[in-house]
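Now for the letters of each chain:
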Amino acid sequence: MPALANFDLDALNSATKYPSILTYHELDPRSGGLLETATAFSGDVILTEKIDGTNARIITLPGGDYFLGSREELLYARGDRVWNPKLGIVEALRPLAERISAPADGIRVYYLEVYGGNKITAASKQYTGGTTLGHRLFDVAEIDAATLELPQARIASWRDGGGQYFHTEDELTETATEEEIEMAPRLARVAASELPTGIDEMQAFLTHHLSKTLVALDPDAGGRPEGIVLRTTDRSVIAKARYQNYARTLQLRAKRS
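About the thresholds
- Residues numbered from 1 in each chain as written.
- Predicted model: local features only at pLDDT ≥ 70, side-chain atom pairs only at ≥ 80, totals over all residues.
- Heavy atoms only, no water.
- Core = buried A, V, L, I, M, F, W, Y, C linked by side-chain atoms within 4.5 Å.
- Buried < 20%, exposed > 50% of the residue type's maximum accessible area, 1.4 Å probe, protein only.
- Helix = DSSP H or I, 4+ residues; strand = E, 2+ residues; numbered from the N terminus.
- Axes fitted to C-alpha atoms, helices over the stretch in contact; angles between N-to-C directions.
- Left-handed = near helix turned anticlockwise from the far one by under 90°.
- Contact = heavy atoms within 4.5 Å.
- Nonpolar A, V, L, I, M, F, W, Y, C, P; charged D, E, K, R; others polar.
- Pairing = 2+ DSSP bridges.

(A) Broad picture of the nonpolar core. If you look at the biggest cluster of nonpolar residues, it comprises 23 residues, and the most contacted ones within it are Ile58, Leu68, Leu93, Tyr110, Leu112 and Leu137. Those elements giving two or more residues to this core turn out to be β4 (54-60), β5 (66-70), β6 (74-77), α2 (89-99), β7 (107-116), β8 (133-143) and α4 (169-179). When residues of this core are assigned to their parent elements, the largest contribution, 6 residues, is made by α2. Counting 22 residues, the second largest nonpolar core, distinct from the first, contains Phe7, Leu12, Ile143 and Ala184.

Here you go:
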């Protein structure tokens, strides 16, 4: 692994960004609603709660150095006296980053949702009646340090093409247990053949599996959930299903009928 002073922080930022996740039903770019085309899954599918917060990263390096970042930018490096307070990410994750294990080689990235707090998102009140911050782990990736030596355009292409190695469900669970990090709640494990294909059926599926958030931070939380993430056990296929998208789609249909 190159010394901290010897690698490009822009390269580190790009290589460790979290890739976009497609919606379970394809988005219609014209109406903003959903189309009937559903993501194809096979084998067992893990259902987890999708938390409405801000996507954050803990980037860990051999020797104990680490960086904290939002989805788009780096906010703090180990030992900094001043940090970017954006969205409460450093405040929420610095204690965790200080105690988790460093990788033996390469780069390990912990992806967490930071939620609640003081209006991190419009949904913060669904998780806390005050200003309490919470965080939950939803993915871990391993990245070869040699990736940072690539040109910026190639790093982005590599990342968007699935170059990051994400932990399988078993590996993710093992890492979370070893590092004592709470994960996004696991709701169910279902066969791909049991997944709904229609819009109406998927809305009912969401209500059946997650009618109220499981990560409320205090009794005064509103409790309305955002949705569900669906992933195969090896994480080769992953998609999200949000209540808001299904409600909007059904409203659009009602207006047209």
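Next comes the rest of the description.
(B) Spatial organisation of the packing of helix α5 (residues 199-209) against helix α6 (residues 243-256). For the pair α5 and α6, interaxial distance at closest approach is 10 Å and the crossing angle is 145 degrees. As α5 packs across α6, the resulting crossing turns out to be left-handed. Between α5 and α6, the contacting residues are Ile199, Asp200, Met202, Gln203, Leu206 and Thr207 on the first element and Tyr243, Tyr246, Ala247, Thr249, Leu250 and Arg253 on the second. Across the contact of α5 with α6, the residue classes break down as 7 nonpolar, 3 polar and 2 charged.

(C) Spatial organisation of unusual backbone geometry. Backbone geometry places Glu180, a non-glycine residue, at a positive phi of 55 degrees. The phi dihedral of Arg235 is positive, around 60 degrees, even though this residue is not glycine. Following the sequence through the fold, Arg235 ends up in the loop between β11 (227-232) and β12 (238-242). Judged by relative accessible area, Arg235 falls into the buried class, the value being 11%.

(D) Examining the pairing of β5 more closely. Counting buried residues along β5, 5 of its 5 residues qualify, which places the element largely inside the surrounding structure. Along β5, one buried face is formed by Tyr66, Leu68 and Ser70 and the opposite face, lined by Phe67 and Gly69, is buried too. Strand direction decides the pairing type here: β4 and β5, joined by 5 bridges, are antiparallel. Within β5, the residue paired with Ala56 across the bridge is Ser70.

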